[in-house]
Amino acid sequence: MKELFPLKQVMGFVFSLVLTAVALSVVMFDMSFAMGMTILLITAFVQAMLQLMVFMHARETEDSGLILANVYYGVFIAVVTVFGSLLALIWGYM
Amino acid sequence: MEFFERFAIPHPSPIIYASMVAIGITLLAIIAGLTFFKKWGYLWREWLTTVDHKRIGIMYLISALLMLFRGGVDALMMRAQLATPEAQLLDSQHYNEIFTTHGVVMIIFMAMAFIIALMNFVVPLQIGARDVAFPRLNALSFWLYFMGAMLFNLSFVIGGSPSSGWTSYFPLAGNEFSPSVGTNYYMIAIQIAGIGTLITGINFIVTILKMRAPGMKLMKMPMFTWSALITNLIITFAFPVLTVALAMGTMDRLFGTQFFTTGNGGMDMLWANLFWVWGHPEVYILVLPAFGIYSEIISTFAKRNLYGYKSMVASMVIISLLSFVVWVHHFFTMGQGAMVNSIFSITTMAIAVPTGIKIFNWLFTLYKGSIRFTVPMMYSLGFLPIFTIGGVTGVMLGMSAADYQYHNTMFLVAHFHLVIIPGVVFAMLAGLTYWWPKMFGFMLNERIGKWAFWFISVGTCVAFFPMFISGLDGQARRMYTYSESTGFGFWNMLSFVGAVALAIGFIIIVYNIYYSTRYASRDIGSDPWDARSLEWATHTPVPEYNFATIPEVDSSEAFWDSKYNGHKLFKGKLKEIHMPNNSGVPFIMSALFFVLGFSFIFSIWIGVIVSLLGICACLMHRSFEKDHGRHISLEEVEKTESELRGGK
Ligand code: HEM
Ligand SMILES: [Cu+2]
């Protein structure tokens, strides 16, 4: 019976619902902008990871190393382009 | 009548009318020729619908060569205009249009197509595969690229060409300063071709990761395949930025959004920023396959295995990361603080290090090698010094404080031509000569090829070295004329002479192709260069399934080992072979993209809607189509193999 019940997926689903509810709290309750943003960023990031790992099977096949390397590479590039652009066009611009 | 007026050229000249006539006549001649020789069916069955990576590669190749000549004529006109002070050959508007189309055609439609051509032809063979992972997407890639290129070239005779530079900076590229449809062509033609390139990127990553012959571990891949993998990785992550930037630019021009405007919260430098976030990785997309080609050629003709395989791979991986963190060096003078500039100066200099490592690896491979001076090898040897000079001047430009002096002068123009020409054009000509026998079953004449090499390499130096001097003297790029008192005249005349020599070199190459097609021996075997990697292990001409039995590999030079060290490549027995079916959908869909692009450019909304519906129909067709490919029967494989002189 244990093999038939997709425990991991169900738990993942519940957890992603919880994350959504937490994110929703930002508009339900009155809180500072910084606080709200922090909550949103954290829940969004965890949510993305959860989807990748649990539902898109990023770690389950034998070439998961390659898949993860691609994901890290993408994350690296996204981070440097976004923060680099902010640095060049806003923060570092006098 | 009003409807048709928008298609008129806003700024006509006799040259443009002449080319209209020329294009018209060529088209008619092609149509008449195809009809007369009853070749329509052949064209459709064998080429327009093909999904074979080798044929797609050859179509890319032909398109790239065509674009090389289109861009080359632009270049000659520019050099002729600048050869003497206050020349009247072109007026400022035409000069602007020509340098813009020259840049776009050369980078997007020539260089990209050329590297994708060679990757298409060679990579599946080198990894012992029967095709790429998604053959039909591959056909789609090509046709999207092709339609993008045709659309862009149409601008010359319908509606007017873009004129705000291949970088198309806003606000100059905005409606206010570029009211003609030229910049719409830029935005949309590149967009269409870019989608094709992005698809290629994904396709080749999957192909290389998933379809290697048994035993070919990542660290046993030939160097060209490694370079193709890294290149396609960069493509996949860099091109989406271009896609977004172009979409925003299109919306600014057509739908009145304000992303890149100077008022209403728009930010013009955001375009430059996004453009170079794509643009700098793009220069490495161009040059990495070249590095791979040189690695193959140098080790083949020095008869030695490549020195420092691991450091070659490592430096490419490092380049692939660093190439994404240097883009601000293209606008050091924007006005951001010293802090930002310093950061990007340091990253820029860092990227020269892995590039330098590769140069040393090639030198060490040559050291004590027994060198054969064939044409591909001569290009590789010519590449080393010229590219090094181009790279070193890049480091000079990378020092942000100094760049205030060099930026947008001819010094910059000299830098990037002296990296791109040896780094891309030489490599493509070398690769073309090297793989030509595999593609077409005969070799290009070596003696004529060497003449071409000398004209091209000396021409490159004569054309571009003077620009360092005139640039330091203050000649700005993209100026259509200058006065006699500036003293630039001599240097520009020298450049013109070099440009003519380059042109002669390319004409010699065309002559060589003609000459060799007529006279070269067809009896060259399957391995005329005594080469080292798997593409030479199959027959010439390559059967459509590439390898009758999939080779088994245990080193990075499996074919060499099979020739000289007793490795057995083909262990399996002949079996029937499963191949993908041809399909006309990629061609039809891309043709619809052409209509879509054209309608967008001229704001013909009914055309946009109809072609979009057509494109959706093509996608739906693919989703519901049941196509399981076809099988080549065992007898047929055996017959082909024995015709090609018996299976090995
Ligand atoms: C050795 C490493 C290199 C360094 C440090 C370097 C550095 C630079 C810098 C700082 C600029 C901007 C200069 C300015 O606008 O004032 C530049 C422009 C350029 N570089 Fe390089 N570069 C290098 C290699 C390459 C390679 C390998 C290619 C192409 C294959 C290339 C192609 C270009 C192009 C096309 C431009 C000018 C684009 C334009 O403004 O139209 N560079 N380079
Ligand atoms: Cu750059």
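So, how was this worked out
- Residues numbered from 1 in each chain as written.
- Chains lettered and ligands numbered in written order.
- Predicted model: local features only at pLDDT ≥ 70, side-chain atom pairs only at ≥ 80, totals over all residues.
- Heavy atoms only, no water.
- Helix = DSSP H or I, 4+ residues; strand = E, 2+ residues; numbered from the N terminus.
- Rg over C-alpha atoms; globule rule 2.2 N^0.38 Å.
- Buried < 20%, exposed > 50% of the residue type's maximum accessible area, 1.4 Å probe, protein only.
- Contact = heavy atoms within 4.5 Å.
- Areas by Shrake-Rupley, 256 points an atom, 1.4 Å probe, with all protein chains shown as cover.
- Lys, Arg positive; Asp, Glu negative; His and termini not counted.
- Charge placed at Lys NZ, Arg CZ, Asp CG, Glu CD.
- Donors = N, O, S within 2.8 Å, 3.2 Å for Na, K, Ca; no water.
- Disulfide = S-S within 2.5 Å.
- Expected span 1.5 Å × (residues − 1).
- Arc of directions from axis to C-beta.
- Near = heavy atom within 4 Å.
- Polar contact = N/O pair within 3.5 Å; in protein donor to acceptor, adjacent residues only side chain to side chain.
- Axes fitted to C-alpha atoms, helices over the stretch in contact; angles between N-to-C directions.
- Left-handed = near helix turned anticlockwise from the far one by under 90°.
- Nonpolar A, V, L, I, M, F, W, Y, C, P; charged D, E, K, R; others polar.
- Parallel < 35°, antiparallel > 145°, perpendicular 65-115°, else oblique.
- Patch = residues over 30% accessible without salt bridge, like charges linked within 9 Å, V, L, I, M, F, W, Y side chains within 5 Å.
- Salt bridge = Lys/Arg side-chain N within 4 Å of Asp/Glu carboxyl O.
- Buried area = accessible area lost by both parts, 1.4 Å probe.
- pLDDT = per-residue confidence, 0-100.
- Phe/Tyr/Trp six-rings, centres within 6.5 Å; stacked < 30°, edge-to-face > 60°.
- Core = buried A, V, L, I, M, F, W, Y, C linked by side-chain atoms within 4.5 Å.

Draft legend 1. Broad picture of the overall build of chain B. Counting its regular elements, chain B contains 20 helices and two strands. Against the 2.2 N^0.38 benchmark of 26 Å for 648 residues, chain B shows a C-alpha radius of gyration of 25 Å, consistent with a compact globule. In terms of overall dimensions, chain B has a C-alpha envelope of 70 × 60 × 50 Å along the principal axes. Scored against the burial criterion, the 648 residues of chain B give a buried share of 58%. Within chain B, counting contacts between residues at least 6 apart in sequence, those at least 24 apart form 82% of the total. A total accessible area of about 25700 Å² is found for chain B, and carbon and sulfur atoms account for 70% of it. Side-chain charges of chain B comprise 40 positive and 35 negative groups, with the mean position of each set lying 9 Å from the other.

Draft legend 2. Geometry of the environment of Phe237(B). In this structure, Phe237(B) sits in helix α8 (residues 223-255). Residue class for Phe237(B) comes out partly exposed when judged on its relative accessible area of 23%. Separated by 41 residues in sequence, Phe237(B) and Trp278(B) have C-alpha atoms that sit 8.7 Å apart. Apart from the residues lying within four places of it in its own chain, the contact partners of Phe237(B) are Asn70(A), Tyr73(A), Gly74(A), Ile77(A) and Phe324(B).

Draft legend 3. Up close: the coordination of the iron atom of ligand 1. Residues and elements named next belong to chain B. Among protein atoms, the single one acting as a donor to the iron atom of ligand 1 is His-415 (NE2), 2.2 Å away. In this model, the iron atom of ligand 1 sits 4.6 Å from the copper ion (ligand 2). Tracing the backbone shows His-415 in helix α14 (residues 410-440).

Draft legend 4. Region of interest: the state of the cysteines. Residues and elements named next belong to chain B. With the rule as written, the count across this model stands at zero disulfides over all chains. Free of any disulfide, Cys-616 has its nearest neighbouring cysteine sulfur in Cys-618, separated by 9.2 Å. Relative accessible area serves as the criterion here: at 41%, Cys-616 is assigned to the partly exposed category.

Draft legend 5. Highlighting unusual backbone geometry. All names here are of chain B. Along the chain, Phe-170 connects to Pro-171 via a cis peptide bond; the corresponding omega equals 0°. As for its position among the elements, Pro-171 is in the loop between α6 (135-154) and α7 (182-210). A cis geometry characterises the amide bond from Thr-540 onward to Pro-541, with omega recorded as -10°. Relative to the elements of secondary structure, Pro-541 occurs in the loop between α16 (489-519) and α17 (558-564). For Lys-368, which is not glycine, the phi torsion reads 65° and is therefore positive. One can find Lys-368 in the loop between α11 (338-366) and α12 (375-398). Although it is not a glycine, Ser-603 sits at a positive phi angle of roughly 50°.

Draft legend 6. Region of interest: helix α19 (residues 605-624) of chain B. All names here are of chain B. End to end, α19 covers 29 Å across 20 residues, agreeing with the expected 28 Å (1.5 Å per residue, within 8%). What α19 keeps buried is the set Gly-607, Val-608, Ser-611, Gly-614, Ile-615 and Cys-618. On an axial view of α19, the arc spanned by its buried residues comes to 135°, and they lie on one face. Relative to its buried face, α19 has exposed residues pointing more than 90 degrees away, namely Ile-606, Val-610, Leu-613, Ser-623 and Phe-624. Residues of α19 that are buried in the fold lie against α18 (585-601).

Draft legend 7. Broad picture of the coordination of the copper ion (ligand 2). Distances from the copper ion (ligand 2) to its protein donors, namely His280(B) (ND1), His329(B) (NE2) and His330(B) (NE2), fall within the range 1.8 to 2.1 Å. Along the chain, the residues that donate to the copper ion (ligand 2) are spaced as H-x48-H-H.

Draft legend 8. Fine view of the site of ligand 1. Residue and element names in this part refer to chain B. As a matter of local geometry, ligand 1 sits amid 22 residues, with Trp-166, Asp-403, His-407, His-415 and Arg-477 nearest to it. Residue Trp-166 places a side-chain N or O atom 2.9 Å away from an oxygen atom belonging to ligand 1. Separating an oxygen atom of ligand 1 from a side-chain N or O atom of Arg-477 is a distance of 2.8 Å. Listed by contribution, the elements that provide at least two residues to the shell around ligand 1 are α9 (268-301), α12 and α14. The dominant element in the shell around ligand 1, judged by the number of residues it contributes, is α12, at six residues.

Draft legend 9. Seen up close, the packing of helix α3 (residues 64-91) of chain A against α9(B). Following both chains from N to C, one finds α3(A) and α9(B) inclined at 145°, their axes separated by 11 Å at the closest point. The handedness of the crossing between α3(A) and α9(B) is right-handed. Residue-level inspection shows Thr81(A), Ser85(A) and Leu89(A) of α3(A) in contact with α9(B), the latter providing Met269(B), Leu270(B), Asn273(B) and Val277(B). For the contact of α3(A) with α9(B), the residue count by class is four nonpolar, three polar and no charged.

Draft legend 10. Molecular detail of the packing of α8(B) against helix α10 (residues 309-322) of chain B. Residue and element names in this part refer to chain B. Interhelical geometry of α8 versus α10 gives an angle of 10° and a closest axis separation of 10 Å. Compared by their axis directions, α8 and α10 come out roughly parallel. Of the residues in α10, those in contact with Met-223, Trp-226, Ser-227, Ile-230 and Ile-234 of α8 are Tyr-309, Met-312, Val-313, Met-316, Val-317 and Ser-320. Among the residues forming the contact of α8 with α10, the class breakdown is nine nonpolar, two polar and no charged.

Draft legend 11. The arrangement of a nonpolar patch on the surface in detail. All names here are of chain A. Residues Phe-5, Leu-7, Val-10, Met-11, Val-14, Phe-15, Val-18 and Val-22 make up a contiguous nonpolar surface patch of roughly 690 Å² in combined accessible area. Structurally, Phe-15 is set in helix α1 (residues 7-28). The exposure class assigned to Phe-15 is partly exposed, which follows from its relative accessible area of 40%.

Draft legend 12. Structural context of the interface of chain B and chain A. Contact residues are listed per partner, giving 24 residues for chain B and 18 residues for chain A. A buried area of about 1800 Å², summed over both sides, lies between chain B and chain A, and 77% of it is on carbon and sulfur atoms. Applying the counting criterion to the chain B and chain A interface returns three residue pairs in polar contact (both at pLDDT 80 or more). Of all the elements in the fold, those that place two or more residues in the side of chain B that touches chain A are α7, α8, α9, α10 and α11 of chain B. When residues in the side of chain B that touches chain A are grouped by element, the largest group, four residues, is from α9(B). When grouped by side-chain class, the residues that make up the side of chain B that touches chain A number 18 nonpolar, five polar and one charged.

Draft legend 13. Looking closely at the confidence of the model for chain B. Per-residue confidence for chain B gives a mean pLDDT of 92; residues scoring 70 or more make up 99%. With a pTM of 0.92, the predicted complex shows an ipTM of 0.85.

Draft legend 14. Expanded view of the packing of aromatic side chains. Residues and elements named next belong to chain B. Counting across every chain of the model gives 65 aromatic pairs over all chains. Summarising the aromatic geometry, the rings of Tyr-60 and Phe-142 are spaced 4.9 Å apart at their centres and angled 80° between planes, so their arrangement reads as edge-to-face. Taken together, the residues Tyr-60 in helix α4 (residues 53-83) and Phe-142 in helix α6 connect sequence positions 82 residues apart. Accessibility classification places Tyr-60 together with Phe-142 in one group, the buried group. Where Phe-301 meets Trp-529, the ring centres are 5.3 Å apart and the plane angle is 90°; that geometry is what we call edge-to-face. Taken together, the residues span a long stretch of sequence, with Phe-301 in helix α9 and Trp-529 in the loop between α16 and α17 at a distance of 228 residues. A single burial state applies to Phe-301 and to Trp-529, both of which are buried.

Draft legend 15. Representation of the nonpolar core. All names here are of chain B. Formed by 197 residues in total, the largest nonpolar core has its most connected members in Phe-109, Trp-362 and Tyr-379. Once residues within four sequence positions are removed from consideration, Tyr-379 is found in contact with Tyr-294, Phe-426, Leu-429, Ala-430, Ala-452, Phe-453, Ile-456 and Ile-509. Residues Leu-82, Phe-99, Tyr-482 and Phe-488 belong to the second largest nonpolar core, which totals nine residues.

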